[in-house]
Amino acid sequence: KNQVEQSPQSLIILEGKNCTLQCNYTVSPFSNLRWYKQDTGRGPVSLTIMTFSENTKSNGRYTATLDADTKQSSLHITASQLSDSASYICVVSSTGGGNKLTFGTGTQLKVEL
Amino acid sequence: GAGVSQSPSNKVTEKGKDVELRCDPISGHTALYWYRQRLGQGLEFLIYFQGNSAPDKSGLPSDRFSAERTGESVSTLTIQRTQQEDSAVYLCASSFKRQGEFFGPGTRLTVL
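Residues numbered from 1 in each chain as written. Chains lettered and ligands numbered in written order. Predicted model: local features only at pLDDT ≥ 70, side-chain atom pairs only at ≥ 80, totals over all residues. Heavy atoms only, no water.

Draft legend 1. Representation of the pattern of salt bridges. Counted according to the given criterion, the structure contains seven salt bridges over all chains. Ionic pairing is found between Arg34(A) and Glu101(B), a salt bridge with its closest N-O pair at 2.3 Å. Of this pair, Arg34(A) sits in strand β4 (residues 30–38) while Glu101(B) sits in the loop between β8 (88–95) and β9 (102–103), which puts the two residues in different chains. Residue Arg34(A) is classed as buried on the basis of its relative accessible area of 3%. Residue Arg36(B) is joined to Glu44(B) by a salt bridge in which the shortest nitrogen-to-oxygen separation is 3.0 Å. Residue Arg36(B) is classed as buried on the basis of its relative accessible area of 3%. (Salt bridge = Lys/Arg side-chain N within 4 Å of Asp/Glu carboxyl O. Helix = DSSP H or I, 4+ residues; strand = E, 2+ residues; numbered from the N terminus. Buried < 20%, exposed > 50% of the residue type's maximum accessible area, 1.4 Å probe, protein only.)

Structure representation (structure tokens):
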């Protein structure tokens, strides 16, 4: 069964600090992995998309890594800001795209002063 | 508009009533998806439209749920005889090829 597991479930950090969110998946065959940011009451917004051959991808203060051998990904947030408070969702796409997306349940990040 | 829009933003209905949710995808996006997100849970796939191909309805939870899309434009998700367990945020997303999905703001459905 295709699964995406994220950790931690929730995280509280001080503004300015860095943090790393983890994603492990068992989706096969693998196509790509996406990280989304979902603010409360809003739809998810794409941060990064990585294919099998990509090990790292950055989007501003967000850097995602992918190890396709161990089926693990991480999202590193640098110099956190209050506006980073949101749910971060790892999504894995199986070959063929379309509806074959498996969603993690997300990591709820709260950035405090 | 520049993004995916959904209406209404909030819908409160009584158990047993029918509801219709609307999604306007980004112009030119051939793929359209409907997802359901219950409180505190991950997104649950409902249905997928790709161009003029037959939709993938494998995620619809029961025959009370149906969706339509005319060509590559607006889509409507209809829930008949709503139940309290249908309460959730219904998210629509559209994409072009494999460039990633763009999500709408969602419709929050509350069934009393």
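Now that the structure has been shown, the text picks up again.
Draft legend 2. Expanded view of the sheet that holds strand β7 (residues 75–79) of chain B. All names here are of chain B. Overall, antiparallel pairing links the four strands, which are arranged β1-β3-β7-β6 in an open sheet. Pairing within the sheet leaves two strands with one partner each, and these edge strands are β1 (5–7) and β6 (65–69). For this sheet, the mean inter-axis angle between neighbouring strands, taken without regard to orientation, is 15°. (Pairing = 2+ DSSP bridges. Axes fitted to C-alpha atoms, helices over the stretch in contact; angles between N-to-C directions.)

Draft legend 3. How the structure looks around the interface of chain B and chain A. Listed per partner, the contact involves 18 residues of chain B and 18 residues of chain A. Inspection of the region where chain B meets chain A yields one salt bridge. In this structure, the connection of chain B to chain A is made through three residue pairs in polar contact (both at pLDDT 80 or more). Elements that contribute at least two residues to the side of chain B that touches chain A include exactly β4 (31–37) and β5 (43–50) of chain B. For the side of chain B that touches chain A, the class distribution of residues is eight nonpolar, six polar and four charged. (Contact = heavy atoms within 4.5 Å. Polar contact = N/O pair within 3.5 Å; in protein donor to acceptor, adjacent residues only side chain to side chain. Nonpolar A, V, L, I, M, F, W, Y, C, P; charged D, E, K, R; others polar.)

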